[in-house]
Number of protein chains: 2
Amino acid sequence: MSSRPHRAPTIYDVAQAAGVSKSLVSLVLRGSSSVSEARRTAVLEAMARLDYRPSQAASALAGATTRTIGVLIDDYRNLWFVELLRGLQEGLAEHGLRIAVADHTLNAHVEASPLDGFLSMRVDGLVIATEPSAAMRVPEGLPVVVAGHRQAVVPGADVVANDDRLGARRATEHLLGLGHRGIGHLTGGGGAARLRAEGFAEAMSAAGPAPRTVPGTGATTEEDGYVAAARLLDEAPETTAVFAANDTMAMGALAAARERGLRVPQDLSVIGYDDSPIASTHLLELTTVDSRNARIGAMAAERLMARIAGNGGPAGCSLLSPELVVRGSTAPPRPGA
Amino acid sequence: MSSRPHRAPTIYDVAQAAGVSKSLVSLVLRGSSSVSEARRTAVLEAMARLDYRPSQAASALAGATTRTIGVLIDDYRNLWFVELLRGLQEGLAEHGLRIAVADHTLNAHVEASPLDGFLSMRVDGLVIATEPSAAMRVPEGLPVVVAGHRQAVVPGADVVANDDRLGARRATEHLLGLGHRGIGHLTGGGGAARLRAEGFAEAMSAAGPAPRTVPGTGATTEEDGYVAAARLLDEAPETTAVFAANDTMAMGALAAARERGLRVPQDLSVIGYDDSPIASTHLLELTTVDSRNARIGAMAAERLMARIAGNGGPAGCSLLSPELVVRGSTAPPRPGA
DNA sequence: CTGAAAGCGCTTACAG
DNA sequence: CTGAAAGCGCTTACAG
């Protein structure tokens, strides 16, 4: 084998090795059905032999489409996107679309807006799984779905989200059903948190007891949960149950409870939201609400494919039902409480 | 404005709008210094006005380089890559390289190997932040650095890792220094875990007490930590301190301790490894070892840039010093213990 | 199925 | 700086 420094094989090389035309190789690449089995095999074997990999750049430039969907997430540490990706992937698999993921800091050193990379890449569609900012102008005609509830809206984009209000009602009703009356809610910023707070208020007002909603320092981190819970427990000692806007805040609430000598769930019930990986740990055993993010991803894929196919219709909002996941952090209040 | 359905502006459009030649636009795009300030401004303004975004496909195809580095991670849930990315980004920023991230499942529906996407993309370099598999054949000449200790090696690749053995020694010496003698280590699979176990054994044998190392079910999850710690605490009740191969396992150990009525740190000290986001929560306050992943990323960027520039030399292994982070989960053993 | 041709939007190299 | 040209590796469309 002569050393061929660096020149990657092209369809031309593959065609020659397989003894077919370049056109045929291109047909195989795009999975055309009008290729005989024998020739297809020959081409695939030649590709494997030459270690051929199609140039994404060339096919993107020549073709009308890149067959890739960009997914913009908030922060790699907010793991809710993991299941979203799984559902998206399953929905996209049959169409052979690939996925590209970025958060807003990933290429902040080379691009002005986090969307720039995806647009330069000429993605066929976009999933925005973060709070849309004003800088996020997307070309009209590009299929976009916003995943999850947000404060801002993207014109022309579909929204696919968990029914946060319903989930919050279910969480609250779970606590009410256990017999709790002194129930507090820990809230934070963002569209989802706002809806969850509303769902909490609805369920509470339907049941009677005065709802008490307390924010941390404005966000929805563990620290916020800790601060909010500390405030709640100190100001309202009659509290026997806490509903946090998400699992991370619930984790902070657990710390605040422990500091006050309150055992969970005997002295205090705690419920989160999201069913994130930490919720199912032995340490937390956190009762929570499963947003069914994989289903949100699958639905997002569906909306995207419909728009790409041209039959999208007007932008809509799809709400999916969340599900209560009961674990060890909630129990009836103590008889004396 | 006539509706121009869908055709994205090209350098041709920009040139015309700015009243310059296409060549000049290309020079501005690539940041050439031989362009007058006036013309550069005119071009940039035209780009902004037209909402122009360079086609990544076209520049990749025409140019010799894509100016992007691929980063292959293990799983989005293993957050150690987050800081790695930050360091990588800082190191790459001055060179204007962008980053593309994927885990091995992201495009499993369209490609055989997780590296295929990056190779089709013709990345200029690769960071492998996961256990290399046999399927990961990389073209010779492509700059590759393996980040973190692994079982397998990639021929020709540099390795940049935290000195796991040293970090484990420091963790163990911290416990020894507090006065602990009954110290157990929770281990799991992978190159890093093996080195951490070795560092533990070294520090223990230098100090005297018999080291006890126990695995969970083979991996390094919270469940593994829980199982391993349960085993350890039941079989060796004289244990007063536990060193887990990582923070996640330490979290499991905390659960096992709580189940046995052991308070942390009064009855049992627990130390982890990685300084992951959970370690600094109020709930865990976990003493741990900071791998300095951002520095690993920065070093990886440096190695990559050197190889891209052609002065890489033979593949090497760079080991960075970890740092002990003392929090609330470790303390001296109780006098009676 | 093949073959020849044009073109995607850039970069490169060069004469002016 | 401009302008004309070639080419990157594919896809597309079409005549055979």
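Residues numbered from 1 in each chain as written. Chains lettered and ligands numbered in written order. Predicted model: local features only at pLDDT ≥ 70, side-chain atom pairs only at ≥ 80, totals over all residues. Heavy atoms only, no water.

Named according to an unreviewed UniProt entry, chain A is LacI family transcriptional regulator originating from Kocuria turfanensis.

**Notes on the overall build of chain A**
Looking only at helices and strands, one finds eleven helices and twelve strands in chain A. Computed over its C-alpha atoms, the radius of gyration of chain A comes to 25 Å, more than 25% above the 20 Å expected for a compact globule of 337 residues. For chain A, the proportion of contacts with a sequence separation of at least 24, taken over those separated by at least 6, is 69%. When the accessible surface of chain A is split by element, carbon and sulfur atoms take 53% of a total near 14700 Å². Charged side chains in chain A number 32 positive and 36 negative. The centres of these two groups are separated by 6 Å. (Helix = DSSP H or I, 4+ residues; strand = E, 2+ residues; numbered from the N terminus. Rg over C-alpha atoms; globule rule 2.2 N^0.38 Å. Contact = heavy atoms within 4.5 Å. Areas by Shrake-Rupley, 256 points an atom, 1.4 Å probe, with all protein chains shown as cover. Lys, Arg positive; Asp, Glu negative; His and termini not counted. Charge placed at Lys NZ, Arg CZ, Asp CG, Glu CD.)

**Focus on the sheet that holds strand 6 (residues 183–187) of chain A**
Residues and elements named next belong to chain A. With respect to topology, four strands assemble into an open sheet ordered 7-6-8-9, the strand pairing being parallel. Each edge of the open sheet is held by one strand with a lone partner, namely strand 7 (212–215) and strand 9 (269–271). Here the strands of the sheet are splayed against their neighbours by 20 degrees on average, with no regard to which way each runs. Here four bridges tie strand 6 to strand 7, and the two strands are oriented parallel to one another. Bridge pairing in strand 7 links T187 to P215. Across the sheet, helix 8 (residues 191–207) is in contact with strand 6, strand 7 and strand 8 (241–244); its angle to strand 6 comes to roughly 165 degrees. (Pairing = 2+ DSSP bridges. Axes fitted to C-alpha atoms, helices over the stretch in contact; angles between N-to-C directions.)

**A short note on the nonpolar core**
Core analysis: the biggest nonpolar cluster contains 84 residues, and Y76 of chain A together with Y76 of chain B have the highest contact counts within it. With sequence-adjacent residues up to four places away left out, Y76 of chain B is seen in contact with Y76, L79, F81, V82, L85 and V101 of chain A together with F81, V101, A102, D103 and L106 of chain B. (Core = buried A, V, L, I, M, F, W, Y, C linked by side-chain atoms within 4.5 Å. Buried < 20%, exposed > 50% of the residue type's maximum accessible area, 1.4 Å probe, protein only.)

**Overview of the relation of the copies chain B and chain A**
The transform that puts chain B on chain A rotates by 180 degrees and translates by 0.0 Å along the axis, for an RMSD of 0.1 Å. Look at the turn and shift together and you get a two-fold axis relating the two. Considering only C-alpha atoms, the residue of chain B closest to the rotation axis is A57 of chain B, which sits at 2.1 Å. Looking at the interface residues of chain B, 100% of them are also at the interface in chain A, so both copies use one shared face. (Least-squares fit on C-alpha atoms with pLDDT ≥ 70 in both.)

**Section: the domain arrangement of chain A**
Parsing chain A into structural domains produces domain 1 (11–54), domain 2 (68–162 + 293–320) and domain 3 (164–291). Taking the mean C-alpha position of each, domain 1 of chain A and domain 3 of chain A sit 58 Å from one another. (Domains from an automatic or database assignment.)

**What to know about the packing of helix 5 (residues 80–93) of chain A against helix 11 (residues 293–308) of chain A**
Residues and elements named next belong to chain A. As a packed pair, helix 5 and helix 11 sit with axes 6 Å apart at the nearest point and diverge in direction by 45 degrees. With respect to helix 11, the element helix 5 is oriented oblique. Crossing of helix 5 over helix 11 shows right-handed handedness. In this structure, helix 5 uses W80, E83, L84, R86, G87, L88, G91 and L92 to contact helix 11, whose residues at the interface are N293, A294, I296, G297, A298, A300, A301 and M305. In the contact of helix 5 with helix 11, the residues fall into ten nonpolar, four polar and two charged. (Parallel < 35°, antiparallel > 145°, perpendicular 65-115°, else oblique. Left-handed = near helix turned anticlockwise from the far one by under 90°. Nonpolar A, V, L, I, M, F, W, Y, C, P; charged D, E, K, R; others polar.)

**Let's talk about the protein's contact with DNA strand D**
Looking at DNA strand D, there are 21 residues lining it, with S26 and A62 of chain A together with V35, S36 and R39 of chain B nearest. Restricting the count to atoms of DNA strand D within 4 Å of the protein gives a sugar and phosphate share of 75%. A distance of 2.6 Å separates a phosphate oxygen of DNA strand D from a polar atom in the side chain of R39 of chain B. A distance of 3.2 Å separates a base oxygen of DNA strand D from a polar backbone atom of A62 of chain B. Every element with two or more residues in the surface near DNA strand D is listed here: helix 4 (56–62) of chain A together with helix 2 (22–29) and helix 4 (56–62) of chain B. When residues in the surface near DNA strand D are grouped by element, the largest group, three residues, is from helix 4 of chain A. (Near = heavy atom within 4 Å. Polar contact = N/O pair within 3.5 Å; in protein donor to acceptor, adjacent residues only side chain to side chain.)

**A few points about the interface of chain B and chain A**
Opposite the 54 residues of chain B that make contact, chain A presents 54 residues. Both sides of the chain B and chain A interface together cover about 4700 Å² of buried area, and 59% of this is carbon and sulfur. The three residues of chain B that bury the most area against chain A are R53, H282 and L283 of chain B, which together make up 16% of that side's buried surface. Along the contact surface separating chain B from chain A lie four salt bridges. Of the charged contacts, one joins R137 of chain B and D51 of chain A as a salt bridge, the two residues approaching to 3.1 Å between their closest N and O atoms. (Buried area = accessible area lost by both parts, 1.4 Å probe. Salt bridge = Lys/Arg side-chain N within 4 Å of Asp/Glu carboxyl O.)

**Some words on the packing of aromatic side chains**
A complete count under the given rule lists seven aromatic pairs over all chains for this structure. Summarising the aromatic geometry, the rings of Y76 of chain B and F81 of chain B are spaced 6.2 Å apart at their centres and angled 70 degrees between planes, so their arrangement reads as edge-to-face. Connected via pairs of aromatic rings, a cluster forms that spans Y76 and F81 of chain A together with Y76 and F81 of chain B. If you follow R196 of chain A out to its NZ or CZ, it ends over the ring of Y273 of chain A, 3.7 Å from the centre. (Phe/Tyr/Trp six-rings, centres within 6.5 Å; stacked < 30°, edge-to-face > 60°. Lys NZ or Arg CZ within 6 Å of the ring centre and 35° of its normal.)

**With respect to the sheet that holds strand 6 (residues 183–187) of chain B**
Residue and element names in this part refer to chain B. In spatial order, the strands read 7-6-8-9; together these four strands make up an open sheet with parallel pairing. Bordering the open sheet on either side are strand 7 (212–215) and strand 9 (269–271), each of which pairs with just one other strand. Looking at each pair of strands side by side, their axes are set apart by 20 degrees on average, direction ignored. Packed on one face of the sheet, helix 8 (residues 191–207) meets strand 6, strand 7 and strand 8 (241–244) and runs near 165 degrees to strand 6.

**Some points on helix 10 (residues 247–259) of chain B**
Along its 13 residues, helix 10 of chain B runs 19 Å from first to last C-alpha, staying within 8% of the 18 Å computed at 1.5 Å per residue. Most of helix 10 of chain B is tucked away, with ten of its 13 residues classed as buried. When we look at burial in helix 10 of chain B, the residues that qualify are D247, M249, A250, M251, G252, A253, L254, A255, A256 and A257 of chain B. For helix 10 of chain B, the secondary structure elements touched by its buried residues are helix 10 (247–259) of chain A together with strand 6, helix 9 (222–235), strand 8, strand 9 and strand 10 (288–290) of chain B. Where helix 10 of chain B starts, the residue carrying a side-chain oxygen 3.1 Å from the main-chain nitrogen of T248 of chain B turns out to be N246 of chain B. Where helix 10 of chain B terminates, the next one or two residues include G261 of chain B, which has phi positive at roughly 75 degrees. (Expected span 1.5 Å × (residues − 1).)

**Let's talk about unusual backbone geometry**
Each neighbour pair has its own omega, and for V264 of chain A with P265 of chain A the value is 10 degrees, a cis peptide bond. For P265 of chain A, the location among the structural elements is in the loop between helix 10 and strand 9.

**A short note on the environment of D158 of chain B**
Residues and elements named next belong to chain B. Along the chain, the position of D158 falls in strand 5 (residues 158–162). The spatial distance from the C-alpha of D158 to the C-alpha of R307 is 9.8 Å, given a sequence separation of 149 residues. Other than its neighbours up to four places away in sequence, D158 contacts V144, V145, V146, R303, R307, P314, A315 and G316.

**Here's the deal with the UniProt feature "domain: HTH lacI-type" (unreviewed entry) in chain A**
Mapped onto the present numbering, the UniProt feature "domain: HTH lacI-type" (unreviewed entry) falls at residues 9–63 of chain A. Overall, residues 9–63 of chain A shows 67% helix and 0% strand. The separation of its end C-alpha atoms is 20 Å. (UniProt positions renumbered as here; feature names shortened; annotations may be inferred.)

**A few points about the environment of V227 of chain B**
All names here are of chain B. If you trace the backbone, V227 turns up in helix 9. When the C-alpha positions of V227 and T217 are compared, they lie 7.3 Å apart, and in sequence the two are ten residues distant. When sequence neighbours within four positions are dropped, the list of residues in contact with V227 reads G216 and T217.

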